[in-house]
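Chain and residue survey
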Amino acid sequence: MNKETKGMLIGFIGILVFSLTLPVSKIAVLTFNPYFIAFGRACLAGLFALAYLLYTQAPLPSKTDLAKIAVIALGVVFGFPIFTTVAMKEGSSSHGAVILGMMPLATTVIGVIRFKERPSIGFWLVSILGAGLVMTYALLKSSGSLTYIDGLLVLGGICACIGYVEGGELSRRMNPRAVISWALVISLPINIMATYFTFSPAYWSADPIAVTSFIYLSLFPMYLGFFFWYEGLAIGGIARVSQVQLIQPFCTLLAASFFLDDPLTAINMVFAFLVISTVILSKRMLVKRQ
């Protein structure tokens, strides 16, 4: 198994974890304030990350790496959770899934600009085709118009992509588990304060499903999923492995169908097949790495 294939397989595990984020967030916002969810999940994940760093006696990052970790934190600890959780207060997780399907192309573009990866023309064409399919699906599902919910999701997606690119590249020379752990730990003071001010005493009597949803969001897409995602990006390259994200919208659709009773339609399945086909095709296209 070559590095690119290995990276895509490892990254796919992370994508499976991330794919439940929107449906589970939709369940959680029925009970909790979206800002409490965004800050609280990062707070709980940060406490586990601190325990991990202390247990493994991880060395302190250098000043250069610390600056990169701060960018990662802005993207995946603050930006993505806040924008997407607020969007789920009124928006549909199924609709959000397809809007976030633009992330593979955005990750590729940011990676190329930031770290000078050089995908071939064929790779770009396949990536644009995949993104175009997702966008077409989004427009068909929303009667040809976009809303402010879409804007929040796009902003969240861009934040996540910046965090993915910086984290994936830093993970090539630093333990991927330490990368996300440090991002959560340096954010912990802010998240503790924000969690305190957004907490309501009524949350103590929240039902078990809401509490379980909150814990899942804290430990898995906020923390453990990045163990696999950053390692996959580091091994297989940002441009290549980012294409695995094209499968995420349809994993999310399946999750929404299971947890929220959102119906699976023929158009969902057709676009799922077409988008997954672009992922397979993209693997055959040349990507040069420095």
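Above this text sits the structure in question.
Notes on the structure in this doc start here. Just so we're clear, the structure is a prediction, and the values are computed from it rather than from any experiment.

**A few points about the packing of aromatic side chains**
Inspection of the entire model under this criterion finds 19 aromatic pairs. Considering the side-chain rings of Tyr196 and Phe197, the 5.3 Å spacing of their centres and the 80° angle between planes classify their relative orientation as edge-to-face. Residue Tyr196 shares its accessibility class with Phe197, and that shared class is exposed. Residues Tyr216 and Phe220 carry aromatic rings whose centres are separated by 5.0 Å and whose planes lie at 15° to one another, so their mutual orientation is stacked. In this pair, Tyr216 and Phe220 are both assigned in helix α10 (residues 208-236), four residues apart and thus about one turn of the helix distant. The buried category is assigned to Tyr216, whose relative accessible area is 18%.

**So, the side chain of Ser187**
Note that Ser187 resides in helix α9 (residues 176-198). Note on Ser187: relative accessible area 2%, which makes it buried. Excluding residues within four positions of it along the chain, Ser187 makes contact with Ala73, Val77 and Phe78.

**Points about the environment of Ser218**
With respect to the element layout, Ser218 can be found in helix α10. Under the relative-accessibility criterion, Ser218 is labelled buried at 0%. When the C-alpha atoms of Ser218 and Ile37 are compared, they prove to be 8.7 Å apart, with 181 residues separating the residues in sequence. At 2.8 Å, the side chain of Ser218 and the backbone oxygen of Phe214 are in polar contact.

**A short note on unusual backbone geometry**
In this model, Gln57 sits at a positive phi of 55°, which is unusual for a non-glycine residue. Checked against the element boundaries, Gln57 lands in the loop between α3 (34-56) and α4 (63-90).

**Some words on α3**
Compared with the 33 Å implied by 1.5 Å per residue over 23 residues, the 33 Å span of α3 between its first and last C-alpha is a close match. Between a side-chain oxygen at the N-terminus of α3 and the backbone nitrogen of Tyr35 the separation is 2.7 Å; the capping residue is Asn33. Taken from the residues just after α3, Gln57 is the one with a positive phi, measuring 55°.

Conventions adopted
- Residues numbered from 1 in each chain as written.
- Predicted model: local features only at pLDDT ≥ 70, side-chain atom pairs only at ≥ 80, totals over all residues.
- Heavy atoms only, no water.
- Phe/Tyr/Trp six-rings, centres within 6.5 Å; stacked < 30°, edge-to-face > 60°.
- Buried < 20%, exposed > 50% of the residue type's maximum accessible area, 1.4 Å probe, protein only.
- Helix = DSSP H or I, 4+ residues; strand = E, 2+ residues; numbered from the N terminus.
- Contact = heavy atoms within 4.5 Å.
- Polar contact = N/O pair within 3.5 Å; in protein donor to acceptor, adjacent residues only side chain to side chain.
- Expected span 1.5 Å × (residues − 1).

Shape descriptors only; they carry no functional weight alone.
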